[in-house]
Amino acid sequence: MALPRAQARGWVKAAKLAQRRRPAEDTGGPQSPAPGSQRAALYVHWPYCEKRCSYCNFNKYIPRGVDEAALRRCLVTEAQTLLRLSGVRQVESVFFGGGTPSLASPQTVAAVLEAVAQAAHLPADSEVTLEANPTSASGSRLAAFGAAGVNRLSIGLQSLDDTELQLLGRTHSASDALQTLAEAQRLFPGRVSVDLMLGLPAQQVGPWLRQLQDLLRCCDDHVSLYQLSLERGTALFTQVQQGALPAPDPELAAEMYQEGRAVLREAGFRQYEVSNFARNGALSTHNWTYWQCGQYLGVGPGAHGRFIPQGAGGHTREARIQTLEPDNWMKEVTLFGHGTRRRIPLSWRKFWPWGYAQTWASLTSTGSSLSPN
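Residue indices follow the written sequence of each chain, beginning from 1 at its first position. pLDDT decides what is reported in this predicted model: residues at 70 or higher carry local features, side-chain atom pairs at 80 or more are listed and counted, and totals for whole chains, interfaces and linings draw on all residues regardless. To get the side-chain values, take all heavy atoms of the structure and skip hydrogens and water.

Where an unreviewed UniProt entry is consulted, the protein appears under the name Radical S-adenosyl methionine domain-containing protein, with the organism given as Odocoileus virginianus. UniProt positions are given in the numbering used here, feature names are shortened, and annotations may be inferred rather than shown by experiment. The heading Subcellular location (unreviewed entry) in the UniProt record of the protein holds the text "Mitochondrion". Here the protein is described in UniProt, under the heading Function (unreviewed entry), as follows: "May be a heme chaperone, appears to bind heme. Homologous bacterial proteins do not have oxygen-independent coproporphyrinogen-III oxidase activity. Binds 1 [4Fe-4S] cluster. The cluster is coordinated with 3 cysteines and an exchangeable S-adenosyl-L-methionine."

Here is the structure:
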């Protein structure tokens, strides 16, 4: 059940007031009196897209039609159930990912936030991020998401080269991306992140660095650099396998990454995670929770979470994976209150994957500024 309308409006109003105060504060993340085992981030998965990009193997679907009201009810129900099972009392960040969550209605975003605020404490200054693609994020739509409670955007820009965007199967042009970025910054000043991909087939270091430098002339205070990963089952994987495209050069990708880190450092950004860079204290609370091995709840088809099910009497952290296919997930949520498909007990060794530890050691040994402060 959602919050009463007046109470929901009250939370959004308080959140907006807190957001106006926040830029004046230098904080490395919200402070809370709640014990760590009672705090968590919350990820919400919107599983639908307009089309499948050539490189993407995420859990996403291209629907003929979406019963959004039914999906909304199930997202609300699962969020409430997992908050109860986890015993989480405070939600420190909410991240709407996908898929393309900017295709959802602002009403769905508001309903989930209302449910979270009813089931746990959602501080007025909590980070609430929405991933947005330029072609589904007009100014009026972004403003409506802001009115629903979103206070941070992550724009899937990916490239400023139209040929590369076509190769990736993106539905926007570089001009569309820059226009959306400008509108997002107007509506969410200081709270807009952009994604830029590297290591594409035939991509060269010099032109890619010029893209990054062009982006830095107009972007906000958070940038994510993602290296292309060729995934089996994607169109791009097939094209490379069949010889239609050259395989990405890992040495060139490594050079792009290292040179990109240097450019960002020169521009005042600090690296606080393998792919994420921030300046002016604009690190993502949600990303930082992942990196610090904090608890997070995963809501929606195929979502992942890691938490101790204290509300159900548990004492061991579990990895939880929700049912992948949206229709089956909704049936399970309707029957059981959640669509958890797998529960995997975790030892302390699994809290901090060895690969992450190796990467962290590698980054720190090169003298990178990783502090979030």
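(A) Layout of the nonpolar core. Buried Ala, Val, Leu, Ile, Met, Phe, Trp, Tyr and Cys residues form a nonpolar core when they are joined through side-chain atoms within 4.5 Å. Buried means the residue's accessible area, taken with a 1.4 Å probe over protein chains only, is under 20% of the maximum for its type, while exposed means over 50%, and partly exposed covers the values in between. Counting residues in each nonpolar core, the largest one holds 68 residues, and the members touching the most others are Val 91, Val 94, Phe 96 and Leu 225. Of all the elements, helix α2 (residues 68-86) adds the most residues to this core, at eight residues. Those residues in contact with Val 91 that lie beyond four places of it in its chain are Ala 40, Leu 42, Leu 83, Val 116, Ala 120, His 121, Leu 122, Pro 123 and Ser 126. Core analysis: the next-biggest nonpolar cluster, separate from the first, contains 10 residues, Tyr 55, Cys 56, Leu 168 and Val 240 among them. Put simply, DSSP marks the helices as runs of H or I at least four residues long and the strands as runs of E at least two long, and each gets a number from the N terminus on. Should any heavy atoms of two residues lie within 4.5 Å, those residues are counted as being in contact.

(B) Fine view of the confidence of the model for the protein. Within a predicted model, pLDDT stands for the predictor's per-residue confidence, ranging from 0 to 100. Considering every residue of the protein, the mean pLDDT works out to 87; 83% of them sit at 70 or more. Scored below 50 in pLDDT, residues 21-33 makes 13 contacts in the model with residues more than four places away or belonging to other chains. When the criterion is pLDDT under 50, residues 353-373 qualifies, and its contacts beyond four places in sequence or with other chains add up to 27 contacts.

(C) Structural context of the packing of α2 against helix α3 (residues 106-119). Lines fitted to C-alpha atoms define the axes here, with helix axes fitted over just the stretch in contact, and angles between the N-to-C directions of these axes take values from 0 to 180 degrees. For the pair α2 and α3, the least separation of the axes is 9 Å and the interaxial angle reads 20 degrees. Here α3 runs roughly parallel to α2, going by the angle between their axes. In the packing of α2 onto α3, the handedness of the crossing is right-handed. In contact with Glu 68, Arg 72, Leu 75, Val 76, Gln 80 and Leu 83 of α2, α3 contributes Gln 107, Thr 108, Ala 111, Val 112, Ala 115, Val 116, Gln 118 and Ala 119. Each angle is binned into one of four classes, with values under 35 degrees roughly parallel, values over 145 roughly antiparallel, values of 65 to 115 roughly perpendicular, and all other values oblique. A crossing counts as left-handed when the near helix is turned anticlockwise from the far one by less than a right angle, and as right-handed when that turn is clockwise.

(D) Inspection of the pattern of salt bridges at higher detail. We count a salt bridge whenever a side-chain nitrogen from Lys or Arg sits within 4 Å of a carboxyl oxygen from Asp or Glu. Evaluation of the coordinates by the stated rule reveals seven salt bridges. When the shortest N-O distance is used, the salt bridge between Glu 318 and Arg 320 registers 3.0 Å. In this structure, Glu 318 and Arg 320 share a single accessibility class: buried. In this structure, a network of salt bridges that share partners links the residues Glu 318, Arg 320 and Arg 343.

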